[in-house]
Amino acid sequence: MKVVRVDIADRVRGIEISGIRKMFEAAGPDAINLGLGQPDFDTPAHIKAAAIRAIDEGKTGYTVNMGIPELRTAICDKLGRENGLSYKPDQVLVTAGASEALHIVMQALVNPGDRVLLADPGFVSYAALATLAGGIPVGVGLDERMRINIEEAKEKMDGARLFVLNSPANPTGAVEPADHVRAIVEYASDAGVTVVSDEVYEHFIYGAEHVSAARFGDNVITVNGASKTYAMTGWRVGFLAGPREYTEECLKVHQYCQACATSISQYAALAAYTGDQSVVGVMRDEYEKRRDYLCEALHRAGFRFPTPDGAFYTFFPVEPGVFRRIIDKGVVIVPGTAFGVNAPEYARLSYAASMGQLEKAVERIEEAVNGV
Ligand SMILES: Cc1ncc(COP(=O)(O)O)c(C=O)c1O
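Attention in this report is confined to the structure presented alongside it. (Residues numbered from 1 in each chain as written. Predicted model: local features only at pLDDT ≥ 70, side-chain atom pairs only at ≥ 80, totals over all residues. Heavy atoms only, no water.)

### With respect to the side chain of Thr-43
The line we're drawing: Runs of E in the DSSP output that reach at least two residues are strands. Runs of H or I that reach at least four are helices, and both are numbered from the N terminus. Think of it in three bands: residues with accessible area under 20% of the maximum for their type are buried, residues over 50% are exposed, and the middle band is partly exposed, with areas taken using a 1.4 Å probe on protein chains only. Under the rule applied, a polar contact is a pair of N or O atoms within 3.5 Å (in protein, one hydrogen donor and one hydrogen acceptor; residues adjacent in sequence only if both atoms are side-chain atoms). Between two residues, a contact is recorded if the distance between any of their heavy atoms is within 4.5 Å.
Here Thr-43 lies in the loop between β1 (32-33) and α3 (45-56). For Thr-43, a relative accessible area of 8% translates into the label buried. Within polar-contact distance, the side chain of Thr-43 engages the backbone oxygen of Ala-231 at 2.7 Å. A polar side-chain atom of Thr-43 sits 3.0 Å from a polar atom in the side chain of Trp-235. Discounting residues that sit within four places of it in the chain, Thr-43 has contacts with Lys-48, Tyr-230, Ala-231, Met-232 and Trp-235.

The structure is reproduced here in structure tokens:
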């Protein structure tokens, strides 16, 4: 057989397959998968119905690149109502998930060699997307409550290009308080740094308050999407919003890599943002119940970590031997190494899984801890 020589660009060689995917693919058939960050709820019926209607009505062609106007208007209304932000529809770009929004922001703003500041541990995509754009990801450490270390953020700000803020955070579930968010935006503004505020978990918050970074300055691009809020991960619809100077440039990248977000998904998202919002509260309450159950069980098993205020993850220190035993017991969790270099002996466990699955997982984790 002929051996094919494949020349791969350095920027792609420089990134790795996500550690989360690796764990997922390694799992056995009766494994309990607490590794993925995906809601286990079905998309609400009125959202599905809107998509079916869009198909029946033939709304299946390309849309304008920015996204259908009625969806961008609905997103502006949402940003005003829920986030206290004032945007016009031409400042909103609808994307194929928050993932695409993050990608095009990096492509539009990062020059080769630019430093991109991000939390370490932090969401896996940020460093990879920064690298793909030719940038240099620079980790910022966390404090004892797993929130951004503000002093370190300030020190690293000078000469950076972007600061990626994610609250509530993946993988820690930490929620940044308003004074942290304000400080980051203001330090960034002083240093000429743009803040990318990834707010995909804004609604999954338990007792704390979500504060949008864009409330504190114009140097902010807000990224969000329907995936987590409305249990719509597979629909691939998200958005970015910011000053027109940013959205116009981002549009160029979006236009060539995506053309537009899926038309059908855009109509579904329109129904999501304009329809009954109680569906979000129902999911939030369920996540909170699971968080309480899981944190209590993990604390009882001897793991020491602050109870997270948001998202649907717990992130806790675990010895390598115990980690391996948990995996061997068939509970898929993700090692801290997937999220940066600062938390090697940690694990992320997602509670976007049914209570029954969590109970089974807890049993197995207890056995792993006790060496049974
Ligand atoms: C912090 C964070 N941002 C963005 C995304 C991507 O979301 P989307 O499905 O909208 O691309 C995820 C998904 O896990 C995430 O955890």
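### Examining the pairing of strand β7 (residues 220-225)
What counts, and what does not: A pair of strands is treated as paired once DSSP finds two or more bridges between them.
Across the 6 residues of β7, 6 count as buried, placing the element largely inside the fold. The two faces of β7 match: Val-220, Thr-222 and Asn-224 on one face and Ile-221, Val-223 and Gly-225 on the other face are all buried. Pairing of strand β6 (residues 194-198) with β7, which is carried by 4 bridges, proceeds in the parallel orientation. Looking at β7, one finds that Ser-197 is bridged to Thr-222. Two strands pair when backbone bridges link them, and β7 and strand β8 (residues 238-241) are joined in this way by 4 bridges, in the antiparallel orientation. Within the sheet, the bridge partner assigned to Thr-222 lies in β8 and is Ala-241.

### Thoughts on the pattern of salt bridges
Our working rule: Put simply, a salt bridge is a Lys or Arg side-chain nitrogen that is within 4 Å of an Asp or Glu carboxyl oxygen.
Taken as a whole and judged by the stated rule, the model has 24 salt bridges. Glu-248 is paired through a salt bridge with Arg-244; the nearest N and O atoms lie 3.2 Å apart. Pair noted here: Glu-248 and Arg-244 are both in helix α10 (residues 244-257), with a separation of 4 residues, about one helical turn. Take Arg-244: its relative accessible area is 31%, and that puts it in the partly exposed class. Residue Arg-291 is joined to Asp-292 by a salt bridge in which the shortest nitrogen-to-oxygen separation is 2.9 Å. When its relative accessible area of 8% is taken as the criterion, Arg-291 is described as buried. One network of salt bridges, with partners in common, ties together Arg-284, Asp-285, Glu-288, Arg-291 and Asp-292.

### Considerations on the packing of helix α5 (residues 97-109) against helix α6 (residues 124-132)
Going by this rule: Note on geometry: axes are C-alpha line fits, over the in-contact stretch for helices, and angles between N-to-C directions span 0 to 180 degrees. By the definition used in this description, the sense in which the near helix is turned from the far one sets the handedness, with an anticlockwise turn below a right angle giving left-handed and a clockwise turn giving right-handed. Amino acids outside the nonpolar list (Ala, Val, Leu, Ile, Met, Phe, Trp, Tyr, Cys, Pro) and the charged list (Asp, Glu, Lys, Arg) are all regarded as polar, and Gly is one of them.
For the pair α5 and α6, interaxial distance at closest approach is 9 Å and the crossing angle is 35°. Like other packed secondary-structure pairs, α5 and α6 cross with a definite hand, here right-handed. Seen from α5, the contacting residues are Ser-99, Leu-102, His-103, Met-106 and Gln-107; seen from α6, they are Tyr-126, Leu-129, Ala-130 and Leu-132. A breakdown of the residues in the contact of α5 with α6 according to their chemical character gives 6 nonpolar, 3 polar and no charged.

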